Amino acid sequence: MRASLLLLAAGCAPSSATTDASGIGETADTTETTDSDSPSPDIDPLFFPPPTFAAAEHFTVPTGRGLVWERDEDFLLADYTVPQLWVTADGSYALMATNMLADGGRWLLTSPDGLEWTPSAAPLLTAADFLPLDCGERLEDGAMLYEADGSYRLVVEGTEPIEGDKHAAWRTWCQASSTDGLVFTPDTSTLFFTGAEDDSGQISVPSLLPLADGSQLVAYVGGLYTDAEGIRLARAEGDPWALSRVSAAGMFPEDDVDPDPVYLEGGGIRVYHTHTKQGGAGYGDLRSNYVPEQDVQLIPHAEPGCDSAPGDCLLDPAFVRLDDGRMVLYYTRLAADGMGWVTAGIGRAFAVD
């Protein structure tokens, strides 16, 4: 999540969680529309899931869908923010989040169906778990890397706060491994990524997607707090993983942050993101290169935004396609109550097209 808005959310008042599944989208048409067996020559051959990626369908947008969304106003995971989703080895769902009532760690919520969530009683990981490797004092954001052998590598963003300053002194990415996607062993010797030269040591909001050749597309926000702030793309290859940039710093407008790349059925990649500083979910599609074909808002924030009542803003979109074909975007929801408080939680919307 954009750091300034994360700090805004940190002062939220506690509120009760609601985890009821909504009927929104229950009758969505799940009929598959398939393209030709031969991919279009205009689509980069890398922009497909690898054959070994068993969970690929959960992160694939069917042709012609995912463009109309309806918010589920009855759902809120109160006091959690910054959702990141993956599918575990047993086919269930996991959601990693910030717990606004605890300090500094990453928390795990699990679900058998991607709708009803059970929070863990203790943090999944904290910065201290990586000692003697220095991952700062806080863990903020993270992403799942699915290994070719079926194991999991969790990438987490560690930050070093500056006392009395709202900006972190630096950000880096640590990593932990797992065989089941639920219990992780921190790597206490090696960082996953420290940033490219124009990232200014400020790399945030990682998101990863396996590509057809087994490499990983890595989307993130670089250059926080600088004129070069914005979404970047890199590829991770090799053993150990090494990252190289494949996009310019300004692939999306600088107001777009929080990227979440997923597959397009028939080839291509859709990058969901937080659309503008006022919040709301948007997207851009990649097909033949690392330049988005468009930059479109899908779910707007409620005017006048989350700075004053009765507005809200939506951040950190995270896409998943459920077993029954329904598509869900989870997101951070910040809402102003008009009395100087901002409440925070994870909300969601369903695709209705």
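The shown structure was predicted, so the numbers you read here are calculated from the model rather than taken from an experiment.

### Observations concerning the state of the cysteines
And then number 1: For the structure shown, the criterion picks out one disulfide.
And then number 2: The disulfide partner of Cys135 is Cys174, and the gap between their sulfur atoms is 1.5 Å. Disulfide Cys135-Cys174: torsion about the S-S bond near -110°, hence left-handed. With Cys135 in the loop between strand E7 (118-119) and strand E8 (138-146) and Cys174 in strand E10 (residues 168-178), the pair connects residues that are 39 residues apart, well separated along the chain. Here the two residues Cys135 and Cys174 agree in accessibility, since each one is buried.

### What about the confidence of the model for the protein chain?
And then number 1: Mean pLDDT over the protein chain works out to 86, with 85% of the residues at or above the 70 mark.
And then number 2: A low-confidence stretch, residues 1-23 stays under pLDDT 50, and its non-local contacts, those more than four residues away or across chains, total 70 contacts.

### Observations regarding the pattern of salt bridges
When their charged atoms lie close together, side chains carrying opposite charge are able to pair.
And then number 1: Going through the model one piece at a time under the given rule, you end up with 17 salt bridges.
And then number 2: Ionic pairing is found between Asp199 and Arg245, a salt bridge with its closest N-O pair at 3.7 Å. Taken together, the residues Asp199 in the loop between strand E11 (185-186) and strand E12 (203-210) and Arg245 in strand E15 (residues 242-245) connect sequence positions 46 residues apart.
And then number 3: Exposure remark for Asp199: the relative accessible area of 0% places this residue in the buried category.
And then number 4: Across the pair Asp285 and Arg287 runs a salt bridge, and its minimum N-O distance is 3.8 Å.
And then number 5: Salt bridges linked by common partners bring Arg71, Glu73, Asp312 and Arg333 together as one network.

Scoring rules and cut-offs
- Residues numbered from 1 in each chain as written.
- Predicted model: local features only at pLDDT ≥ 70, side-chain atom pairs only at ≥ 80, totals over all residues.
- Heavy atoms only, no water.
- Disulfide = S-S within 2.5 Å.
- Helix = DSSP H or I, 4+ residues; strand = E, 2+ residues; numbered from the N terminus.
- Buried < 20%, exposed > 50% of the residue type's maximum accessible area, 1.4 Å probe, protein only.
- pLDDT = per-residue confidence, 0-100.
- Contact = heavy atoms within 4.5 Å.
- Salt bridge = Lys/Arg side-chain N within 4 Å of Asp/Glu carboxyl O.

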